[in-house]
Amino acid sequence: MLVTFKTKYYSEITLFGHIATHLLNIMGHCGTVPGAFRPEELPAALQKLMIAVDDKTKMTTDTTIDDDNDDEHDVSLRSRALPLIALLQSAIDANVNVMWE
């Protein structure tokens, strides 16, 4: 499953479902798809996500890249969250909703 995050003045961000629900849980949402954050909820959600990515323990998620070598790479929570952080900041600046489906 893929989850696409949308807001009025920023490009859509698409993440794998398990990553999206994990990030939503970090932000204090139950992780249901579809869903939305209202403008007044966004600063707290962004703050929770920023704290998680700045955490010294740096959680990682394993992901397998399909290529000739079949190497396995660790992708940090920070790397996965950065596009969503930019989308959330844009929505805060524009005072608009963030929706996902």
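The structure contained in this document is the topic of the report that follows. What you see is a predicted model; the values in this text were computed from it and never measured. (Residues numbered from 1 in each chain as written. Predicted model: local features only at pLDDT ≥ 70, side-chain atom pairs only at ≥ 80, totals over all residues. Heavy atoms only, no water.)

Points about the packing of helix α1 (residues 17-26) against helix α3 (residues 77-94)
Closest axis-to-axis distance for the α1/α3 pair is 11 Å, and the angle between their directions is 80°. Judged on the interaxial angle alone, α3 and α1 are roughly perpendicular. Counted together, I19, H22, L23 and I26 of α1 and L77, R80, A81 and L84 of α3 form the full contact between these two elements. Taken together, the residues of the contact of α1 with α3 break down into six nonpolar, one polar and one charged. (Axes fitted to C-alpha atoms, helices over the stretch in contact; angles between N-to-C directions. Helix = DSSP H or I, 4+ residues; strand = E, 2+ residues; numbered from the N terminus. Parallel < 35°, antiparallel > 145°, perpendicular 65-115°, else oblique. Contact = heavy atoms within 4.5 Å. Nonpolar A, V, L, I, M, F, W, Y, C, P; charged D, E, K, R; others polar.)

Section: the sheet that holds strand β2 (residues 10-16)
The antiparallel open sheet is built from four strands, whose spatial order is β2-β1-β6-β3. If you trace the sheet from one side to the other, it starts and ends with β2 and β3 (35-37), each paired once. Pairwise comparison of adjacent strand axes, ignoring direction, gives a mean angle of 20° for this sheet. Of the strand pairs in this sheet, strand β1 (residues 2-7) and strand β6 (residues 98-100) are connected by two bridges, and their pairing is antiparallel. Looking at β6, one finds that F5 is bridged to W100. Its contacts with the sheet put α1 on β1, β2, β3 and β6, and the angle it makes with β2 is roughly 110°. (Pairing = 2+ DSSP bridges.)

Thoughts on unusual backbone geometry
V33 connects to P34 through a cis peptide bond whose omega is 0°. Checked against the element boundaries, P34 lands in the loop between α1 and β3. Of note in this structure, N95 is not a glycine but carries a positive phi near 55°. With respect to the helices and strands, N95 occurs in the loop between α3 and β6.

A short note on the environment of E40
If you trace the backbone, E40 turns up in the loop between β3 and α2 (42-54). A relative accessible area of 55% places E40 in the exposed class. Separated by 56 residues in sequence, E40 and V96 have C-alpha atoms that sit 9.0 Å apart. Looking at E40, its side chain comes within polar contact range of the side chain of R38, at 2.7 Å. (Buried < 20%, exposed > 50% of the residue type's maximum accessible area, 1.4 Å probe, protein only. Polar contact = N/O pair within 3.5 Å; in protein donor to acceptor, adjacent residues only side chain to side chain.)

A closer look at α3
Under the 1.5 Å per step criterion, the end-to-end length of α3 is 26 Å for 18 residues, consistent within 8% with the ideal 26 Å. The sharpest bend along α3 measures roughly 35° and falls at P83. (Expected span 1.5 Å × (residues − 1). Bend = angle between axes of the 7 residues up to and from the residue.)

Honestly, that's just the spatial picture; any functional story needs more than this.
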